[in-house]
Amino acid sequence: MKYLDEYRDPVLARRLLDELRDTATRPWRIMEVCGGQTHTLVRQGIDELLPVGMRMIHGPGCPVCVTPLETLDRAMDIAARPGVILTSFGDMLRVPGTDTDLLSLRARGADVRVVYAPMDAVRIAADHPEREVVFLAVGFETTAPANATAVLHAARLGLTNFSMLVSHVLVPPAMTALLDDPDCEVQAFLAAGHVCAVMGWHEYEPIAARYRVPIVVTGFEPLDLLEGILMAVRQLESGRHEVENQYARAVRRSGNTRAQDAVRTVFRVTDRAWRGIGPLPRSGLELIEEYERFDAARRFDVDGLRPQEDPECIAGAVLTGARLPTDCPAYGTRCTPRHPLGAPMVSTEGTCAAFHAAGRTSARSSA
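Residues numbered from 1 in each chain as written. Predicted model: local features only at pLDDT ≥ 70, side-chain atom pairs only at ≥ 80, totals over all residues. Heavy atoms only, no water.

Undergrad: I tried to follow the environment of Phe-140 on my own but got confused; where do I start?
TA: With respect to the element layout, Phe-140 can be found in the loop between strand S5 (132–139) and helix H8 (144–157). Considered as a pair, Phe-140 and Ser-167 are 27 residues apart in the sequence and their alpha carbons are 9.0 Å apart. Apart from the residues lying within four places of it in its own chain, the contact partners of Phe-140 are Pro-60, Gly-61, Cys-62, Pro-63, Val-66, His-168, Val-169, Val-171, Val-195 and Trp-274. (Helix = DSSP H or I, 4+ residues; strand = E, 2+ residues; numbered from the N terminus. Contact = heavy atoms within 4.5 Å.)

Here it is in structure tokens:
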């Protein structure tokens, strides 16, 4: 985006906060699904400026954080093999597996490389036909089109040394799983604008109707979030439960149909485990049969691993919004961005990392 100042105007922010205080009559609980939104809310202190009793519940919208431990252990098993170049985005290298992480593995001699797009991994495979090149493909619907395009390009090039370790997850099944929990406190959602830019928001309409929860598609700047919260509170106060679009400058109801077509060409929906949460039915993507030759899990036979989470980490409770990072006895002491025990302390989209970067030392935002 070329211009951002208009979405960070402090005068407009105060007006939105004043209107929010005038509108809210109850201590509503609203979940922002996206980790990028969490980062803005915490960094700007927006969650602490809301009307008394109103709470933002930080959701599982960090793709690095929800990548299953088993997938990371598989990636490290593959990366340690001779003749393999394992590629992924930078944050993934520091996420702790059962025994180590990819960055430590690279320090011990494994060829682990940071790439900025999956097509970079395809180019590495084309340049090194004598090596097996694996891309660790993680993320929500946002990154799926680029990963699908990389597979299609590798197929057109006839590459036999390129594969993906796929760990894509989908947002709507996670929302329904949260709402099905009898202890769920969420009364409205802020949906992730970048996911909806790809997929649209029609998938959220049945959720809003079935569970009678407002869902507001929201951007990532301070004014986006304040307006999205205000739109959700207006619905809650009036008893409505609809899908509304605050992020109109970037999102249409139908989404990006060409991107969706690419995803459907390469992937199909499957059951997927979420780190800290567990298996969720039909909540992920896997390669369809025509492109299974690019499936690294099949190519390298990485079954039989026994992943084990750190017993001190409460990442699962943080990812579902049941606990705050400051509730964890290891937060800021034995678990820091430099030495993380769990994934939410690694990524800038992780709730623990956001709290730590903002200097949060107490659970003030849970008031």
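Undergrad: What is the right way to look at the packing of aromatic side chains in this model?
TA: Any aromatic ring pair is given by two values, namely how distant the centres are and how the planes are angled relative to each other. Applying the stated criterion across every chain, the model contains 4 aromatic pairs. Taking the centre distance of 6.3 Å and the plane angle of 55° together, the rings of Phe-162 and Phe-294 count as tilted. Placement of Phe-162 in strand S6 (residues 162–169) and of Phe-294 in the loop between strand S11 (278–287) and helix H14 (296–300) is noted, with a sequence separation of 132 residues between them. Judged by its relative accessible area of 0%, Phe-162 is buried. Both rings, one in Phe-220 and one in Tyr-247, keep their centres 5.8 Å apart while their planes meet at 90°; by these two values the pair is edge-to-face. Taken as a pair, Phe-220 in the loop between strand S8 (215–218) and helix H12 (222–238) and Tyr-247 in the loop between strand S9 (243–245) and helix H13 (257–266) lie far apart in primary sequence, 27 residues in all. Accessibility expressed as a relative area gives 19% for Phe-220, which makes it buried. For the cation-ring pair, Arg-360 lies above Phe-355, with the distance from its terminal atom to the ring centre recorded as 5.3 Å. (Phe/Tyr/Trp six-rings, centres within 6.5 Å; stacked < 30°, edge-to-face > 60°. Buried < 20%, exposed > 50% of the residue type's maximum accessible area, 1.4 Å probe, protein only. Lys NZ or Arg CZ within 6 Å of the ring centre and 35° of its normal.)

Undergrad: What exactly am I supposed to notice about the environment of Val-346 here?
TA: Of note, Val-346 is situated in the loop between helix H15 (315–319) and helix H16 (351–357). Residue class for Val-346 comes out buried when judged on its relative accessible area of 8%. Between the alpha carbons of Val-346 and Asp-91 there is a distance of 6.8 Å; along the sequence they are 255 residues apart.

Undergrad: Even after reading the chapter, I still don't get the state of the cysteines, so can you show me in this structure?
TA: Cysteine pairs can be covalently joined through their sulfur atoms, and such a bond is termed a disulfide. In this structure the tally under the stated criterion is 1 disulfide. Note on cysteine connectivity: Cys-62 is disulfide-linked to Cys-65, with sulfurs 2.4 Å apart. One quick way to see it: the torsion about the S-S bond of Cys-62 and Cys-65 is about 70°, and its sign makes the bridge right-handed. For the pair Cys-62 and Cys-65, a shared accessibility class is recorded, and that class is buried. Free of any disulfide, Cys-184 has its nearest cysteine sulfur in Cys-34, 18 Å distant. Looking at Cys-184, the relative accessible area reads 26%, which means it is partly exposed. (Disulfide = S-S within 2.5 Å.)

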